Amino acid sequence: MKNHDISRRALLKGGGALAGLTVTQVTGPTKLFGQAGEQVLPWLDQPPPSPFPDNVGNNLKWEELDSRLTPAHNFFFVAHYGVQRGLDQATWRVALDGLVARSQSLTLDDLKERGLHEVEFTLECSGNNGDGLDFATGAIGNARWGGARLAPLLQRAGILDDGIEVVFWGFDRGPQTIRDNTGIFSGGQTGTVQRDTDGGYDLTITEQFARSMSVREALQNDNLLCYQMNGEPLPPEHGFPVRLIAPGWYGVANVKWLTRIEVMNQRFANNFMARDYLSIREQQREGKTLWTFNTVRHDRLKSAPAKVTRRQNRYTIMGAAWGTPIEAVQVQIDAGPWRAANLDGPEFGRNQGFAWRFWTFDWGTPASGEHRVTSRAIDVDGNIQPAPNDPFLASRRTFWENNGHINRRVLIP
Ligand SMILES: Nc1nc2c(c(=O)[nH]1)N[C@H]1C(S)=C(S)[C@@H](COP(=O)(O)O)O[C@H]1N2
Ligand SMILES: [Mo]
């Protein structure tokens, strides 16, 4: 996503007491998410359209969520340098090189011959904020991703002893400007240098999309060189012909239009690791302000109310929870107490815990008027989706990794 300012108002409003938490896990029969004869009440707060339609689009319309698997044509996309179309699967190669004993150049058929491994995984952009104010509120979807497992391919190539980092290169590239370069530039290069307003130099280069992870992280069992989405070939928007799927990682790690896997002997610090997708937090330690910097990595525990439905005169709230394996979800209406929602289906085990779980909350017959609906998820380790005053959320100075409560407003007639 492009850099843009996101109002923190969304985070700072709301609140709600967290004291006296009791977690009641309710298990019940798997229900259809959405039933015949029900009416969906649209939220009063609606996200604005994407200001960068070529780069971020097709965001989930929460009110329309009615199936675990998001159809590819309804699945959000993020493409920093635009969607790459017209790539030829017949000539496509994924290079596996760098610090390996046996470099590889893999065709799509090579990947297919290795057997299909499937993972159901909810992919969320770390810029997906929520609270109905930000355009990226629906930068999330869940799919059954299929492809060849990455770990055996890395093992076959033989990572050398000094290899510590695995870089995944995409095909897409575009301009990146590095500010206040000192002007070490003699001509002949393809980058351009411009004097900036404060007397420094801005260097503009053509950067290729890439993200990296450690060797240990790359060897994680469910990482895929993925060529299928919900049983069909990947569409161009989602990385045709091959992408990385790294279950449990935020969207940005899941490199699309994958051309090269490179093993290196040092950490990798390109734009998408070290400048963009960087969480900057302001913390207090021993009376002093300490700024910390973390590249975006793993998904965080999160939930969202998806829609309010009405059948006869009874209202139900439905939603999703994801990020880490979910144990329970609670719902808060206006300033009321947190109350347990019903989790649909004990899904993980089958889906390895990387997929969202749906929940429903029987709202009964609420008073007419406007209401605020909030949810919070609790994971199997007892972690609670953080409240707005949680130190992690409150210390953030960039908008990445916002897993705060999502407040939606609805009008009951
Ligand atoms: N090559 C490439 N891979 C990419 C991106 C990109 O711009 N180029 N965007 C990343 C980001 S920020 C996200 S959130 C996910 C989105 O995946 P999707 O477009 O399939 O939903 O793709 C990631 N992989
Ligand atoms: Mo993203």
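For clarity, every value in this text was computed on a predicted model and none was experimentally measured.

### A few points about the overall build of the protein chain
So, step 1. What the protein chain contains, in helices and strands, is six helices and 24 strands.
So, step 2. Looking at the protein chain as a whole, 55% of its 413 residues are labelled buried.
So, step 3. Intrachain contacts of the protein chain at a sequence separation of at least 6 include 74% that bridge at least 24 residues.
So, step 4. Accessible surface, the protein chain: about 18500 Å² in total, of which carbon and sulfur atoms supply 50%.

### Some words on the packing of aromatic side chains
So, step 1. Within this structure, the stated rule accounts for eleven aromatic pairs.
So, step 2. For the pair Trp62 and Trp322, a centre-to-centre distance of 6.1 Å together with 25° between the ring planes defines the contact as stacked. Within this pair, whereas Trp62 is found in the loop between strand E2 (56-57) and strand E3 (77-78), its partner Trp322 is found in strand E18 (residues 314-322), the two being separated by 260 residues in sequence. Both residues of the pair, Trp62 and Trp322, belong to the buried class.
So, step 3. Judged by centre distance (5.4 Å) and plane angle (45°), the rings of Trp356 and Phe358 are tilted. Summarising the burial analysis for this pair, Trp356 and Phe358 share the class buried.

### Focus: the site of ligand 1
So, step 1. Taken together, 20 residues lie near ligand 1, and Phe76, Asp172, His238, Arg243 and Lys256 sit nearest.
So, step 2. Taking Asn254, its main chain carries an N or O atom lying 3.0 Å from a nitrogen atom of ligand 1.
So, step 3. Starting from 540 Å² of accessible surface for ligand 1 in isolation, the protein chains cover 100%.
So, step 4. Because more than half of its atoms lie within 2 Å of the grid, ligand 1 is assigned to the largest cavity.

### Observations concerning the sheet that holds E18
In any sheet, the strands associate via hydrogen bonds between backbone groups, in a parallel or an antiparallel arrangement.
So, step 1. In space, the five strands of this open sheet follow the order E1-E17-E18-E22-E21, with antiparallel pairing throughout. Single-partner strands in this sheet number two, and they are strand E1 (39-41) and strand E21 (342-343).
So, step 2. Taken together, the two bridges between E21 and strand E22 (residues 357-364) define a ladder with antiparallel strand orientation. Each bridged residue has a counterpart across the sheet, and for Leu343 the counterpart in E22 is Trp359.

### Quick word on empty space enclosed by the protein
So, step 1. All chains considered together, the criterion is met by three cavities of 30 Å³ or more.
So, step 2. Within this model, the largest cavity holds a volume of roughly 240 Å³.
So, step 3. Around the largest cavity, the lining is made up of 18 residues, and of these Val78, Gly251, Val252, Asn254 and Lys256 lie nearest the centre.

### Thoughts on the pattern of salt bridges
Oppositely charged side chains can form a pair if their charged atoms are brought close together.
So, step 1. Counted according to the given criterion, the structure contains 14 salt bridges.
So, step 2. Of the charged contacts, one joins Lys302 and Glu124 as a salt bridge, the two residues approaching to 2.7 Å between their closest N and O atoms. Here Lys302, found in strand E17 (residues 302-311), pairs with Glu124, found in strand E6 (residues 117-124); they are 178 residues apart in sequence, far enough to count as distant.
So, step 3. Taking the relative accessible area as the measure of exposure, Lys302 reaches 1% and is therefore buried.
So, step 4. In this structure Glu124 comes out as buried when scored by relative accessible area, which is 1%.
So, step 5. A salt bridge links Arg409 to Glu370, with the shortest nitrogen-to-oxygen separation between them at 2.9 Å. Of this pair, Arg409 sits in strand E24 (residues 407-412) while Glu370 is found in strand E23 (residues 369-379), placing the two residues 39 residues apart along the sequence.
So, step 6. For Glu370, a relative accessible area of 46% gives the class partly exposed.
So, step 7. When salt bridges that share partners are traced, they join Asp97, Arg260 and Glu262 into one network.

Reading guide: rules and limits
- Residues numbered from 1 in each chain as written.
- Chains lettered and ligands numbered in written order.
- Predicted model: local features only at pLDDT ≥ 70, side-chain atom pairs only at ≥ 80, totals over all residues.
- Heavy atoms only, no water.
- Helix = DSSP H or I, 4+ residues; strand = E, 2+ residues; numbered from the N terminus.
- Buried < 20%, exposed > 50% of the residue type's maximum accessible area, 1.4 Å probe, protein only.
- Contact = heavy atoms within 4.5 Å.
- Areas by Shrake-Rupley, 256 points an atom, 1.4 Å probe, with all protein chains shown as cover.
- Phe/Tyr/Trp six-rings, centres within 6.5 Å; stacked < 30°, edge-to-face > 60°.
- Near = heavy atom within 4 Å.
- Polar contact = N/O pair within 3.5 Å; in protein donor to acceptor, adjacent residues only side chain to side chain.
- 1 Å grid on protein atoms, 1.4 Å probe; cavity = no way out; pocket = protein on both sides within 12 Å on 5 of 7 lines; lining within 4 Å.
- Sits in = over half its atoms within 2 Å of the grid points.
- Pairing = 2+ DSSP bridges.
- Points joined across faces, edges and corners; volume = space filled by probe spheres on them.
- Salt bridge = Lys/Arg side-chain N within 4 Å of Asp/Glu carboxyl O.

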